Amino acid sequence: MRKSKVLFITATDTGVGKTVTAYVLSILLKARGCSVGIMKPVQCGGNDAQFLKAINPFYAPEPLSPHLAFRRAKIKFDKRRVQGCLKKLRARHDIVLVEGAGGLMAPLTDKYYNADLIADLKAQVIIVARLGLGTINHTLLTINEAQRRGLKILGLVFCQTKPGKKGLPESTNPQEIEKLSGVKVLGIIPYLKSLNQKNILRQCQNLKLNV
């Protein structure tokens, strides 16, 4: 097996831009000549995996917390299936991006969380956060729990999910969180009207991907 890297993309909350971040990172890494595989182990409702062209081992139709969505769909989550899919992707790619469902502590079963899956996949963590008011608290809590569990955090990505001018919180939060946590900010993804590859390469070159 080639020595590929596994980057797990988690977030401070739902709807903060994980899927867009995964797609942007894949475009930027491919532009650098990397072979990139994408996996979304768990999909509950929606079609993110199709948008990303990702391998999707577990799918439940309802947009609920994974453990509840699986229970209602009578699906039994098995981490070994995810590990098997990852092994195949690692054999073919330099970098594998794994997008989590929900945040770090979203439960996949009654006793197994995204954080547990990250540890079992031996992945480095990229935390996606929103720019606006409240993100300092949410982001620091996520960082603290990841560190408490011994997970390796590669860095933070802030994603602007709505159009509009940045206020003082949006302009200062990334620097404040980096200073308070000591975790590196990899960059900010601006609001993207178009997910065209040329547009992404033009607007997202600020991201510092030291992988």
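Residues numbered from 1 in each chain as written. Predicted model: local features only at pLDDT ≥ 70, side-chain atom pairs only at ≥ 80, totals over all residues. Heavy atoms only, no water.

Below, the discussion takes up the overall build of the protein. Within the protein, the regular secondary structure consists of eight helices and 10 strands. Whereas a compact globule of 211 residues would reach a radius of gyration of roughly 17 Å, the protein reaches 16 Å, a difference of no more than 12%. Entry remark: accessible area of the protein is about 10600 Å², with carbon and sulfur atoms responsible for 51%. In the protein, 34 side chains carry a positive charge and 13 a negative one; their mean positions are 7 Å apart. (Helix = DSSP H or I, 4+ residues; strand = E, 2+ residues; numbered from the N terminus. Rg over C-alpha atoms; globule rule 2.2 N^0.38 Å. Areas by Shrake-Rupley, 256 points an atom, 1.4 Å probe, with all protein chains shown as cover. Lys, Arg positive; Asp, Glu negative; His and termini not counted. Charge placed at Lys NZ, Arg CZ, Asp CG, Glu CD.)

What follows deals with the pattern of salt bridges. If you walk through the whole model with that rule in mind, you get 10 salt bridges. Here E99 ties to K40 by a salt bridge, and the two come within 3.3 Å at their closest N and O atoms. Taken as a pair, E99 in strand β5 (residues 95-99) and K40 in the loop between β2 (36-39) and β3 (42-44) lie far apart in primary sequence, 59 residues in all. With respect to burial, E99 and K40 carry one shared label: buried. Among the salt bridges present, the one from R149 reaches D116, with a minimum N-O distance of 3.1 Å. You can see R149 sitting in the loop between α6 (135-148) and β9 (153-159) and its partner D116 sitting in helix α5 (residues 114-121), a full 33 residues away along the chain. On the accessibility criterion, R149 (30% relative accessible area) is partly exposed. Taken together, the salt bridges that share partners define one network made up of D116, E145, R148 and R149. (Salt bridge = Lys/Arg side-chain N within 4 Å of Asp/Glu carboxyl O. Buried < 20%, exposed > 50% of the residue type's maximum accessible area, 1.4 Å probe, protein only.)

Glancing now at the packing of aromatic side chains. Applying the stated criterion across every chain, the model contains four aromatic pairs. An angle of 45° between the planes, with centres 4.9 Å apart, marks the rings of F58 and F77 as tilted. With F58 in strand β4 (residues 58-60) and F77 in the loop between α3 (66-73) and α4 (79-92), this residue pair connects regions lying 19 residues apart in the sequence. In terms of burial, F58 and F77 fall into one category: buried. Aromatic side chains F70 and F77 sit 6.3 Å apart centroid to centroid with 10° between the ring planes, which places their arrangement in the stacked category. Accessibility assignment for this pair places F70 and F77 in one class, buried. (Phe/Tyr/Trp six-rings, centres within 6.5 Å; stacked < 30°, edge-to-face > 60°.)

Now for unusual backbone geometry. Apart from glycine, the bulk of residues carry a negative phi angle, and the bulk of peptide bonds sit in the trans form. At K74, a residue that is not glycine, the phi angle is positive and equals roughly 55°. Residue position: K74 is located in the loop between α3 and α4. If you check the backbone angles, K122 has positive phi at about 55° while not being a glycine. For K122, the position within the fold is in the loop between α5 and β8 (124-130).

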